[in-house]
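# Inside the fold
Next come the chains, spelled out residue by residue.
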Amino acid sequence: MLHSLAGASAGALLDSVTARRAAAPLRKVLSMRSIGYAAKGAHSRLKPVLFDREDPKANEVEIEILFCGVCHSDLHQLKNDWGNTVYPCLPGHEIVGRVARAGNEVRRFKQGDLVGVGCMIDSCGACPPCKAGEENYCEGPKSWTATYNGPMKPDGTNTYGGYSDRIVVREDFVLSIPDGIDPAEAAPILCAGITTYSPLMHWDVGDGDKVGVVGFGGLGHMGAQLARSLGAEVYAITQTPEKEEAARALGVDGVIVSTDKDAMAVHAESFDFILDTIPYEHDVDQFAELLAQDGTIVLVGALEPNKPIDNMTLAKKRLSVAASLIGGIEETQEVLDHCARTGVRPQIEIIPIDEINEALKRVKGRDVRFRYVIDMQSLRAQAEEIVAAGRRIDDPEIHAQDHPGEDPHG
């Protein structure tokens, strides 16, 4: 569809396509040409590509993407750090946009509504977790389907995410963006927000609790604000002293530099709950030592084997070490509404999509305060050029590794 309009301006090109789709009746076996940024392999840069999405079915909505957050897990997935990446990989699961079309069975959304899509676009819907509104723990044969990279239990199929101009999602997995939240700021709440909110709610964190948040990046700065909004006394625990000013500006009660043994000793055995957001292998024991009797540390950052934990550290105070994985759709809507009501907001830096590879280098180097968000108008501005290049996501050129054996993201 878009390739026949290569001579038109980028804005007119996309506007005309959107207008025709909105006016057309929904059909079952149509596809629409889309544009986005994808990578073939672990050593490939993200590149602009053409690809097809199916037209929305009766219970689905087509969303014109306005903003998409850049998550540390995007980097993990691109590099195949978890050994499950399905290539080509088109990341993005912190999506905010407007409904372009709604199927005739859709009841909650209409054209023009501001909506969001987080980490999931489907689940089995029949297992106990799904029926309980915890689709993120789906026990179905494929588990839940990720917004990109396909089912959590890979079966060879793929999905393409929010580093693109549009996405089609079943109504049940679409969120309403509340009034009062800037669309760009809403994007990281759909992953960083729910990933930290869900364990705070599950372990009933609130008034009177002393909470530590380990790691003060994309997840940590949201977790600290959310814990404060629930009434807890909150300390940021970081190995980067330079983050103290930013942490205090977000309202934490104190900052502990984890490499300072004296500072860590002052707070030993005093925390009720610790949220560990470090996204790579690390020593959990040093933070467990900060917990009071019956305290709990929950890992939400590192989805990989971690360093062994000394059971004596746990046994002598009856401590618990746990983990948590995003949240269900109902709880994700809950955190959006909570942020709208309490003023909790992510700290963001908006970037054009052609800076995404450099941005990922900075994410890896922990040199961002605190979440990149891609302005998808920058992608639409490239539409004419992308269409003219004609590089499809399944073309041999996109399959080539840029620098075999090297990491293009640093």
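Look a little higher up for the structure.
Below or above, wherever it landed, is the structure these notes cover. Just so you know, the residues in each chain are numbered from 1, in the order the chain's sequence is written. A pLDDT threshold of at least 70 governs which residues receive local features in this predicted model, and a stricter bar of 80 or more applies before side-chain atom pairs are shown or counted, although totals over entire chains, interfaces and linings include all residues. The side-chain figures draw on all heavy atoms in the structure; neither hydrogens nor water molecules are used.

## Quick notes on the environment of Ala132
Heads up, the rule is: Note on conventions: DSSP H or I runs of at least 4 residues are helices, E runs of at least 2 residues are strands, and numbering of each starts at the N terminus.
Examined against the element boundaries, Ala132 turns out to sit in the loop between α3 (128–131) and β7 (145–146). Sequence separation between Ala132 and Gly328 is 196 residues, and the spatial gap between their C-alpha atoms is 9.0 Å.

## A look at the pattern of salt bridges
Here is the rule we go by: For this document, the term salt bridge refers to a Lys or Arg side-chain nitrogen within 4 Å of an Asp or Glu carboxyl oxygen. For the exposure calls, accessible area comes from a 1.4 Å probe over protein chains only, and a residue counts as buried if that area is under 20% of its type's maximum, exposed if over 50%, partly exposed in between.
A full pass over the atoms with the stated rule returns 20 salt bridges. Lys142 serves as the salt-bridge partner of Asp155, at 3.0 Å between the closest nitrogen and oxygen. Remark: Lys142 occurs in the loop between α3 and β7 and Asp155 occurs in the loop between β7 and β8 (166–170); sequence separation between them is 13 residues. For Asp155, a relative accessible area of 36% puts it in the partly exposed group. The salt bridge partner of Glu349 is Arg362, with a shortest N-O separation of 4.0 Å. Residue Glu349 is found in strand β16 (residues 348–352), and its partner Arg362 is found in helix α11 (residues 356–364); the two are separated by 13 residues along the sequence.

## Some details on the state of the cysteines
Rules: Pairs of cysteine sulfur atoms within 2.5 Å are identified as disulfides in what follows.
Applying the stated rule across the entire model yields zero disulfides. For Cys130, which is in no disulfide, the shortest distance to another cysteine sulfur is to Cys127 and amounts to 3.6 Å. You can call Cys130 buried: its relative accessible area is 9%.

## Examining the sheet that holds strand β10 (residues 210–214)
Formally: Paired strands, as defined in this entry, are two strands with at least two bridges between them according to DSSP. The axes used here are C-alpha line fits, helices contributing only the stretch in contact, and every angle between their N-to-C directions lies in the interval 0 to 180 degrees.
Across the sheet, six strands lie side by side as β12-β11-β10-β13-β14-β15; this open sheet has parallel pairing. Edge strands, defined here as strands with exactly one partner in the open sheet, are β12 (254–257) and β15 (320–323). Direction aside, neighbouring strands of the sheet carry axes that sit 20° apart on average. Sheet topology note: the strand β14 (residues 291–299)/β15 ladder contains four bridges and is parallel.

## Description of helix α10 (residues 329–342)
Spelled out, the test is: What a helix is expected to span follows from its residue count: subtract one and scale by 1.5 Å. Residue contacts are counted whenever heavy atoms from the two residues lie within 4.5 Å of one another.
For α10, spanning 14 residues, the distance from its first C-alpha to its last is 20 Å, which sits close to the expected 20 Å at 1.5 Å a residue. Inspection of α10 places Ile329, Thr332, Gln333, Val335, Leu336, His338 and Cys339 among the buried residues, and these make up the whole buried set. Where α10 is buried, its residues contact β6 (120–122), β9 (175–176), α4 (183–202) and α5 (218–229). Backbone geometry just after α10 places Gly343 at a positive phi near 85°.

## Quick notes on the side chain of Gln382
Basically, it comes down to this: We define a polar contact as two N or O atoms separated by no more than 3.5 Å, with the added condition that, inside protein, one atom must be a possible hydrogen donor and the other a possible acceptor, whereas residues neighbouring each other in sequence contribute only through side-chain atom pairs.
Position of Gln382 relative to the elements: it lies in the loop between α12 (377–380) and α13 (383–389). For Gln382, the side chain forms a polar contact with the side chain of Tyr37, separated by 2.8 Å. Not counting residues within four places of it along the chain, the set of residues in contact with Gln382 comprises Tyr37, Pro48, Ile353 and Asp354.

## Topic: unusual backbone geometry
Most of the time, phi is negative for any residue but glycine, and the peptide bond is trans. Residue Pro88 follows Tyr87 across a cis peptide bond; omega there is 0°. Following the sequence through the fold, Pro88 ends up in the loop between α2 (72–78) and β4 (95–102). Phi angles above zero are rare outside glycine, and Asp294 is one such case at about 65°. Assignment of secondary structure puts Asp294 in strand β14. With a phi close to 55°, Arg318 is a non-glycine residue in the positive phi region. By relative accessible area, which is 55% here, Arg318 ends up exposed.

## Examining the environment of Pro188
By the secondary structure assignment, Pro188 is in helix α4. In this structure Pro188 comes out as buried when scored by relative accessible area, which is 1%. Sequence spacing of Pro188 and Gln347 is 159 residues, and the spatial spacing of their C-alpha atoms is 9.1 Å. Excluding residues that lie within four positions of it along the chain, Pro188 makes contacts with Glu94, Gly193, Pro346, Ile348, Arg371 and Val373.

## A few points about the packing of α4 against α5
Rules: Angle categories: roughly parallel below 35 degrees, roughly antiparallel above 145, roughly perpendicular from 65 to 115, and oblique for all the rest. By the definition used in this description, the sense in which the near helix is turned from the far one sets the handedness, with an anticlockwise turn below a right angle giving left-handed and a clockwise turn giving right-handed. All residues other than Ala, Val, Leu, Ile, Met, Phe, Trp, Tyr, Cys, Pro, Asp, Glu, Lys and Arg, Gly among them, are scored as polar; the first ten of these are nonpolar and the last four charged.
Contact geometry for α4 and α5: axes closest at 9 Å, N-to-C directions at 50°. Classified by the interaxial angle, the pair formed by α4 and α5 is oblique. Along this stretch, α4 crosses α5, giving a crossing that reads as right-handed. Contacts between α4 and α5 involve Ile189, Ala192, Gly193, Thr195, Thr196, Tyr197 and Leu200 from the former and Gly218, Leu219, Met222, Gly223, Leu226 and Ala227 from the latter. Residue composition of the contact of α4 with α5, by class: eight nonpolar, five polar and no charged.

## Observations concerning the packing of α4 against α10
Contact geometry for α4 and α10: axes closest at 9 Å, N-to-C directions at 105°. With respect to α10, the axis of α4 lies roughly perpendicular. Residue-level contacts link Ala186, Ile189, Leu190, Gly193, Ile194, Tyr197, Ser198 and Met201 of α4 to Glu331, Thr332, Glu334, Val335, Leu336, His338 and Cys339 of α10. Tallied by class, the residues present in the contact of α4 with α10 amount to nine nonpolar, four polar and two charged.

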